[in-house]
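Descriptive structure summary
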Amino acid sequence: MAKLTFVGGIHPYDGKELSKDKPIKAVLPKGDLVYPLSQHIGAPAKPVVAKGDHVLTGQLIAEAGGFVSAPIYASVSGTVKAIEPRRVVTGDNVMSIVIENDGLYEEVEYETPKPLEELSKEEIIEKVKKAGVVGMGGAGFPTFIKLSPKEPEKIEYCIANCAECEPYLTSDYRRMMEEPQKLIDGLKVMLALFDRATGILAVEDNKPDCIKLLKDLTKDEPRIFVKALKTKYPQGAERQLIYATTGRAINSSMLPADAGCIVDNVDTVVAINAAVRENRPLMHRIVTVTGDAIADPRNFIVRIGTNYAELIDEAGGFKEQPEKIISGGPMMGFGIFDVNVPTTKTASALLCLTHDDVSAMQPTACINCGMCVEVCPGRVVPKKLADYAENYNEEAFVANNGMECCECGCCSFICPAKRPLTQLIKSARKMQLAKKKK
Amino acid sequence: MSDLMKVSSNPHIRSKLTTNTIMAAVIIALLPATGFGIYNFGIPALILILVTVASTVLTEFLYEKLMKKPVTIGDFSAVVTGLLLALNLPSGAPWWIGVIGGVFAILIVKMLFGGLGQNFMNPALGARCFLMLSFTSIMTNFDCDAYTGATPLALVKAGEPVDIFNMVIGKTAGTIGETSMIAIVIGACFLILLGIIDLRIPGSYILTFVIFICIFGGHGIDPAYISAQLAGGGLMLGAFFMATDYVTRPITKNGQILFGIFLGIMTGIFRLFGPGAEGVSYSIILGNLLVPLMEKITLPKPFGKGGEKR
């Protein structure tokens, strides 16, 4: 069978061997836990606790601040120390709830879960909403909204995004190898919402053991299929994933639901499972701590709110002084200047590199080689768009399909002149989007 | 610790490929043709090549020093220009032809338009056409120690018999680098395998040209005539090394095919109906001028365009 893939894309060094063979390790936080009220797309959450309150693990500390928003739960027991602005990975100061951990991990009593078959669709969506589940791949879009499209009867595919195409990241891989049943059960919850839908576990073919395991476990599931995708970045980008698995192409103004698809990544599907089958809110996530500067790169199951610096200590600290630290993967992550920031629902990795490609290579003149066009999965002309962006030629930027860029970073990666194409295009897109909002 | 971290907007990794490696690969790919040219035409060819390359590199260096701009000769693009220009000169041309050509290529065609990446015309071909018009008798005199008389392409045009085997090997009269089809194709294969060029332009160019001469050449589908037309003159060198020049070809995929088709038709017209036997250089230069237009009409359809929102 031909490999499932898309046109364009790149093959960067994937660095996954650093952390992929070590089991996930649980870490207990040592210092205070910080919960930024805005760790999802949409309105910030509203605190429901006050300074000095005692909270339990799993207790609601902030409720959804609007329709597009998500509640936040305490991941430890302790005392609310402050509600104040704290620095987050992006470098912004965001209003946050700070909890002093009492080290007892007293947990609230969760309602006894009902079997999936006895829940109505509305109840399932309500549980996902209440648990504060958001897209944990990085976007942080509230999952209950994704799960309630306008025409649910038209959804034909529920895709679990297990591609993990971002270099260095192995958290999804470890989760699939260690707790595959939770993923499959989570996908079944999604399928319970959409009667006509087929479930797809879409895995890149650089994880053959994972594909085999999932195939074995789903061989008696009539509605779930494992699909092997060609290993190529950005295979896990939503639009490329939908195209590779279903042959349907959506543009920037469409949602996956417009093509009859619902896409969620591994950690999100597992969180859906916990929310619906165990009534447990979103409090944990898996974070890959890796990079050539880290002594013992591996994956951790982390209580959300834990300080990044503690994770670095857990991973043996630095064996070499890092030059660059990235929250997330090298293609889509944020470069951070301070590791003293909290993990959030969308924090997938902490990557510490001893060598920074970007500052080592100076941009030179564009030679019009067209490699950016070859690799662009959005099929735009990055070179032209970057020129328009640089000259603030907004009209030409839009006319040349600048808004169709998905900011995957392939053009910047491949450019032999080392021009910051993605970065230029991204800033022009931001300006356009900001204008639209006005 | 925080003051030691480097930050930048994503992506944070870059491929190893640089402009220098691309240019170096093109130079390596030109070595078979260069080597064969020296073997075929002897020491005068070697001297002309060295003089031309030296003059292009030196022109770029002096211009940038004079204009107080960063010196960019380290990217090897001037070497590529010089080498390509030299391969397009007859081996019997005097050394100063190489110098004038080199200065014209770099100063007029490249640097005055903004340097690397900004020129709208292939510098080597621009210089060649300038020399052809200014020093026609020198540029069209292919007599040398090894060969006298007309080039095989001129013989083909005159309807006289040619030795196709020698034309494919390259043992004929012509410019230094254009005679050996085999040497050029070996170099081109190297670039294709490295992914530096692809077959869109050379393929559509050569295919269109063959179809054109089959229809209008007056010989029908005659393999001997077609191979003589393909192996003769600068078609191979032009199709694989000059038409594929990044800066002066369309950046869009369909634009490249359109560009190749245009070159094929123009070369056919020049060769069959023009006064001279050759037309590759002029075709490519004309094509270069139409690149912005071709890019505009072949702007790719973005991914998922035309999809329906529900």
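Residues numbered from 1 in each chain as written. Chains lettered and ligands numbered in written order. Predicted model: local features only at pLDDT ≥ 70, side-chain atom pairs only at ≥ 80, totals over all residues.

**Side note on the overall build of chain A**
Secondary structure assignment for chain A yields 14 helices and 17 strands. Relative to the compact-globule value of 22 Å for 438 residues, chain A shows a C-alpha radius of gyration of 21 Å, a close match. Each principal axis of the C-alpha atoms in chain A carries an extent, and together these give about 65 × 50 × 50 Å. If you take every contact in chain A between residues at least 6 apart in sequence, the share linking residues at least 24 apart comes to 71%. (Helix = DSSP H or I, 4+ residues; strand = E, 2+ residues; numbered from the N terminus. Rg over C-alpha atoms; globule rule 2.2 N^0.38 Å. Contact = placed C-beta atoms within 7 Å.)

**Looking at the interface of chain A and chain B**
If you look at the interface, chain A gives 57 residues, while chain B gives 36 residues. Those elements that place two or more of their residues in the side of chain A that touches chain B are strand E15 (324-327), strand E16 (334-336), helix H9 (357-360), helix H13 (410-414) and helix H14 (421-437) of chain A. For the side of chain A that touches chain B, a count of residues per class yields 27 nonpolar, 15 polar and 15 charged. (Nonpolar A, V, L, I, M, F, W, Y, C, P; charged D, E, K, R; others polar.)

**Here's the deal with unusual backbone geometry**
Of note, the bond from Tyr233(A) into Pro234(A) is cis; its omega dihedral lies within 30 degrees of zero at -5 degrees. Turning to its location among the elements, Pro234(A) is positioned in the loop between strand E11 (224-229) and helix H6 (238-246). Of the consecutive residues Asn10(B) and Pro11(B), the connecting peptide bond is found in the cis state with omega at -5 degrees. In this structure, Pro11(B) sits in the segment before helix H1 (19-41). Not every positive phi belongs to a glycine, and Lys418(A) is a case in point at roughly 60 degrees. On the neighbour-count criterion, Lys418(A) (20 C-beta atoms within 10 Å) is buried. (Buried ≥ 20, exposed ≤ 12 C-beta atoms within 10 Å, placed from the backbone.)

**Focus: the packing of H1(B) against helix H9 (residues 181-194) of chain B**
Residues and elements named next belong to chain B. As a packed pair, H1 and H9 sit with axes 7 Å apart at the nearest point and diverge in direction by 165 degrees. Accordingly, the angle class assigned to the pair H1 and H9 is roughly antiparallel. Seen along the crossing, H1 lies across H9 with a hand that is right-handed. Of H9, the residues touching H1 (which contributes Ala25, Val26, Ile28, Ala29, Leu30, Leu31, Pro32, Ala33 and Phe36) are Ala183, Ile184, Ile186, Gly187, Ala188, Phe190, Leu191 and Leu194. Grouping the constituent residues of the contact of H1 with H9 by class yields 16 nonpolar, one polar and no charged. (Axes fitted to C-alpha atoms, helices over the stretch in contact; angles between N-to-C directions. Parallel < 35°, antiparallel > 145°, perpendicular 65-115°, else oblique. Left-handed = near helix turned anticlockwise from the far one by under 90°.)

**Quick word on the pairing of E11(A)**
Among the six residues in E11(A), five count as buried, and that is most of the element. The parallel pair strand E10 (residues 198-204) of chain A and E11(A), bridged by helix H5 (residues 208-217) of chain A, forms a crossover whose chirality is right-handed. (Right-handed = clockwise from strand over helix to strand, strands pointing away.)

**A closer look at the pairing of strand E12 (residues 261-265) of chain A**
All names here are of chain A. With five of five residues buried, E12 lies mostly within the body of the structure. Residues Cys261, Val263 and Asn265 point to one face of E12 and Ile262 and Asp264 to the other, with burial holding for every one of them. Both strand E9 (residues 157-162) and E12 contribute to a ladder of five bridges, which runs parallel. Across the sheet, the residue bridging to Tyr157 is Cys261, located in E12. (Pairing = 2+ DSSP bridges.)

**Quick word on the packing of helix H1 (residues 121-130) of chain A against helix H7 (residues 266-277) of chain A**
Residue and element names in this part refer to chain A. At a closest axis distance of 8 Å, the pairing of H1 and H7 adopts a crossing angle of 115 degrees. When the axis of H1 is compared with that of H7, the two are roughly perpendicular. In terms of crossing hand, the pair formed by H1 and H7 is right-handed. Residue-level contacts link Ile124, Lys127 and Val128 of H1 to Ile272, Ala275 and Val276 of H7. Class assignment for the residues of the contact of H1 with H7 results in five nonpolar, no polar and one charged.

**Comments concerning helix H13 (residues 253-273) of chain B**
Residues and elements named next belong to chain B. With 21 residues, H13 extends 30 Å between its outermost C-alpha atoms, agreeing within 8% with the 30 Å of an ideal straight helix rising 1.5 Å per residue. All buried positions along H13 are accounted for by Gly255, Gln256, Leu258, Phe259, Gly260, Phe262, Leu263, Gly264, Met266, Thr267, Gly268 and Arg271. Contacts from the buried residues of H13 go to helix H10 (200-216), helix H12 (235-242) and helix H14 (280-297). (Expected span 1.5 Å × (residues − 1).)

**Remarks on the sheet that holds strand E13 (residues 284-290) of chain A**
Residues and elements named next belong to chain A. The six strands are arranged E1-E14-E13-E17-E15-E16 in an open sheet whose pairing can be described as mixed. Of all the strands in the sheet, the pair left with one neighbour each is strand E1 (25-26) and E16. Direction of pairing for E1 relative to strand E14 (residues 298-303): parallel, over a ladder of two bridges. Across the sheet, Lys25 pairs through a bridge with Phe300, a residue of E14.

**Re helix H4 (residues 95-110) of chain B**
Residues and elements named next belong to chain B. In this model, H4 (16 residues) spans 22 Å end to end at C-alpha, consistent with the 22 Å of a helix rising 1.5 Å per residue. At Phe104, H4 shows its largest bend, some 25 degrees. Of all the positions in H4, only Ile97, Gly98, Gly101, Gly102, Phe104, Ala105, Ile106, Val109 and Lys110 are classed as buried. (Bend = angle between axes of the 7 residues up to and from the residue.)

**Details of the domain arrangement of chain A**
Residues and elements named next belong to chain A. The assigned domain composition of chain A is domain 1 (29-102 + 283-353), domain 2 (121-277) and domain 3 (371-437). Its C-alpha centre places domain 2 at a distance of 28 Å from the equivalent point of domain 3. Each partner contributes to the interface: domain 2 provides seven residues, whereas domain 3 provides six residues. Tallied by class, the residues present in the side of domain 2 that touches domain 3 amount to three nonpolar, three polar and one charged. (Domains from an automatic or database assignment.)

**A word on the sheet that holds E12(A)**
Residues and elements named next belong to chain A. Spatially, four strands are ordered E11-E10-E9-E12 in an open sheet, and the strand pairing comes out parallel. If you trace the sheet from one side to the other, it starts and ends with E11 and E12, each paired once. Direction aside, neighbouring strands of the sheet carry axes that sit 25 degrees apart on average.

**Points about the environment of Leu230(B)**
Residues and elements named next belong to chain B. Turning to its location among the elements, Leu230 is positioned in helix H11 (residues 223-231). Here Leu230 falls in the partly exposed class, since 19 other C-beta atoms lie within 10 Å of it. The sequence separation of Leu230 and Lys110 amounts to 120 residues, and the corresponding C-alpha distance is 30 Å.

**Side note on the nonpolar core**
Ranked by size, the top nonpolar core spans 226 residues in total, and within it Ile159(A) and Val203(A) carry the most contacts. In terms of residue count, H1(B) provides more of this core than any other element does, nine residues in total. What Val203(A) contacts, discounting residues up to four positions off in sequence, is Cys162(A), Ala163(A), Cys210(A), Ile211(A), Leu214(A), Val226(A), Ala228(A) and Leu229(A). (Core = buried A, V, L, I, M, F, W, Y, C linked by C-beta atoms within 7 Å.)

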